[in-house]
Amino acid sequence: MKGLIGSIYRRSIVIVAVLLAWTIVPLFIKHMFMPSLIDVLSALVKMLETGEMADHILSSLARAGAGVVISVVLALPLGVLLGWYPKIEAYLNPLFTALRNTSILALLPLFVLFLGVGEISKVAVIVFGCFFPMLLSTIDGVKNVDPVLIQSARSMGISPFGLLSKVVVPAAMGFIISGFRLVCSISLLVLVGAEMLGAKSGLGFLIYRYEQSFQVPKMYAGILVMIVLGILVNWLIGKLERRLTIWQSVTDKETA
Amino acid sequence: MGILVKDLELNYRSRGRRNKLHDFQALKDVGLEVHDGEFLSLVGPSGCGKSTFLFLLAGLIRKTNGCVEIDGEPIDGPGLDRGILMQQYALFPWRTVQKNVEFCLEIKGVRREERSVIAARFIDLVGLRAFSHAYPNALSGGMKQRIAIARALAYDPKILLMDEPFAAVDEQTREFLHEEVLRIWKATKKTIVFVTHSIDEAVYLSDRIAVMSGSPGQVKEVIDVDLPRPRLKGITKSTPEFAAIRLKVWNILQEAGGSSGLKLEELIEDSAGL
């Protein structure tokens, strides 16, 4: 119990100090662009009451969610295939490396040009940003499967599909989940950029609009929600990860 | 009936420096007969191709020439008449003990209830019922190998192929596992082909020992181990008969010497691409 309190203390003290400074300092040093946390929170409460914030959160989450789901559905099977047939991967690898190192937002105008300013181009750019990290993590995972496990399964006469679904994918799950974690944070990053460049809803749009109209506390409220959303997504994935890789962590518990 | 190997040859092409191809002869003129229900050990210097030979029997590597038959049928790939045990256990870490043992039954499409009954029976046989729902990471090396044995027995192969199964456990555990494997062998009447580099282990466990020599791998001599069964821990090993057989094997190994220096991993990868 004492250890738990200590742990909570260590983890939260710096954040509490920052929030406290954000509350107090602007009361003495007045600046239009640096409102106190109190003003930001009261703006946030108002935006929550009118339902404005919820609308923007929902439309942002829908875009990010659609982008993540589509990219995972595309990248996972392809990654398993390419990891399994490294000869094909050797041809494609230079292209992947080039595309992965391209700034996604630099390509945004291209997406707008081809797909217009509507929802499709926004989701498409998220898919594009998420696809390659997911693909490369999956390929890495499949390549790193212990060959002894594959031999063992093959010695039991497993079918090629069974080998992939019952051995290769579960064995690569650690890599796949860290890819998924990366992809979720990328999706929020790209999302905000996409929404700032021509959108009518979403958190990125909200932040950008209130910056343009100098309604600074509301802008900060948007940023704050963005941060909380990021933390929340990360926490959820952490839970998912522990659930799917429960077998990795049993060592200490069961032998103790 | 049993396993019959005649004039077996395995050539292997390896990519060396500057991508040059080199041809290795891993096995040459290998001849061996393993009788039904027999416990036969393969010993030889490291790199002599004994594990390669075992993987070939498992159907995980393809031969170049010669004849390998089980009960008169030529081996063509892996099959459920043979179960293989590996030094690194090769348990699936994301499956519980029970689910590991069920694995092959699952592939075969055995019904869920039947699966769990069969799995429970073999987990009982290796004495690990209390750990049915544990994950392999929570088990010691010796326990993992016993689970691997249960997994191989679950699909009822005629032949168990063991590739240095007890090389990675400590001495005491190894002695315990020797008693276990003899007990299980007696209870199930399997044919066992056991690869080891420990002469003591081979003499203590086997009916016969095939001694291999390296570069290229060949079966040099097959020795009968006519020690009475049951073999008794602490007694059998201190008899003059045991020492005599041990010395005989050792002498042949000394003459054999050498190794072909091939790598099993590369061979398997090579065959997998076929």
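Residues numbered from 1 in each chain as written. Chains lettered and ligands numbered in written order. Predicted model: local features only at pLDDT ≥ 70, side-chain atom pairs only at ≥ 80, totals over all residues. Heavy atoms only, no water.

A. Examining the interface of chain A and chain B more closely. Contact residues are listed per partner, giving 22 residues for chain A and 28 residues for chain B. Roughly 2300 Å² is buried in total at the junction of chain A and chain B, and carbon and sulfur atoms are behind 69% of that figure. If you look at where chain A meets chain B, you find one salt bridge. Among the salt bridges present, the one from E106(B) reaches K166(A), with a minimum N-O distance of 2.6 Å. Counting every contact that joins chain A to chain B gives three residue pairs in polar contact (both at pLDDT 80 or more). (Contact = heavy atoms within 4.5 Å. Buried area = accessible area lost by both parts, 1.4 Å probe. Salt bridge = Lys/Arg side-chain N within 4 Å of Asp/Glu carboxyl O. Polar contact = N/O pair within 3.5 Å; in protein donor to acceptor, adjacent residues only side chain to side chain.)

B. Examining empty space enclosed by the protein more closely. Using the criterion set out here, one finds two cavities of 30 Å³ or more in the structure. Looking at the largest cavity, its volume works out to about 60 Å³. S152(A), S155(A), M156(A), I84(B), L85(B), A148(B), R151(B), A152(B) and Y155(B) are the residues that line the largest cavity. Residue assignment for the lining of the largest cavity shows that the elements contributing at least two residues are α7 (147-155) of chain A together with β6 (82-85) and α4 (141-154) of chain B. Examining the composition of the lining of the largest cavity, we find that three residues originate from one element, α4(B), more than from any other. Of the residues belonging to the lining of the largest cavity, the class tally is six nonpolar, two polar and one charged. Here the second largest cavity is characterised by a volume of approximately 30 Å³. Lining of the second largest cavity is provided by L108(A), V112(A), V117(A), S121(A), K122(A), A194(A), L197(A) and G198(A). Mapped by element, the contributors of at least two residues to the lining of the second largest cavity are α5 (108-115) and α6 (119-143) of chain A. Here the residues of the lining of the second largest cavity sort into five nonpolar, two polar and one charged. (1 Å grid on protein atoms, 1.4 Å probe; cavity = no way out; pocket = protein on both sides within 12 Å on 5 of 7 lines; lining within 4 Å. Points joined across faces, edges and corners; volume = space filled by probe spheres on them. Helix = DSSP H or I, 4+ residues; strand = E, 2+ residues; numbered from the N terminus. Nonpolar A, V, L, I, M, F, W, Y, C, P; charged D, E, K, R; others polar.)

C. Seen up close, the domain arrangement of chain A. All names here are of chain A. We note that the domain assignment places domain 1 (1-30) and domain 2 (35-255) within chain A. A C-alpha centroid distance of 30 Å is found between domain 1 and domain 2. Taken residue by residue, the interface counts five residues in domain 1 and seven residues in domain 2. In total, about 500 Å² of surface goes out of reach between domain 1 and domain 2, with carbon and sulfur atoms giving 79% of it. The largest per-residue losses of area from domain 1 upon contact with domain 2 belong to W22, T23 and P26, which jointly make up 84% of the total buried on that side. Scanning the region where domain 1 abuts domain 2 turns up zero salt bridges. Counting the contacts that link domain 1 with domain 2 gives three residue pairs in polar contact (both at pLDDT 80 or more). (Domains from an automatic or database assignment.)

D. Main features of the environment of F122(B). Residue and element names in this part refer to chain B. Here F122 shows up in helix α3 (residues 112-125). Separated by 10 residues in the primary sequence, F122 and S132 have C-alpha atoms spaced 11 Å apart. Ignoring any residue separated from it by four or fewer positions in sequence, one finds F122 in contact with A150, L153 and A154.

E. Highlighting the pattern of salt bridges. Residues and elements named next belong to chain B. Under the defined criterion, the tally for this structure stands at 21 salt bridges over all chains. Here D36 and K158 are joined by a salt bridge, their closest N and O atoms 3.3 Å apart. Placement of the pair is D36 in the loop between β2 (21-35) and β3 (39-43) and K158 in the loop between α4 and β7 (159-163), with a sequence separation of 122 residues. Of the charged contacts in the structure, one is a salt bridge between K190 and D156, with a shortest N-O distance of 2.6 Å. Placement of K190 in the loop between α5 (171-188) and β8 (191-195) and of D156 in the loop between α4 and β7 is noted, with a sequence separation of 34 residues between them.

F. The packing of α3(B) against α4(B), seen in detail. All names here are of chain B. Interaxial distance between α3 and α4 falls to 9 Å at its minimum, and their mutual angle equals 140°. Between α3 and α4, the interaxial angle falls into the category oblique. For the pair α3 and α4, the sense of crossing is right-handed. Along its contact with α3, which presents I118, F122, I123 and L125, the element α4 presents A150, L153 and A154. When the residues that make up the contact of α3 with α4 are grouped by side-chain class, the tally is seven nonpolar, no polar and no charged. (Axes fitted to C-alpha atoms, helices over the stretch in contact; angles between N-to-C directions. Parallel < 35°, antiparallel > 145°, perpendicular 65-115°, else oblique. Left-handed = near helix turned anticlockwise from the far one by under 90°.)

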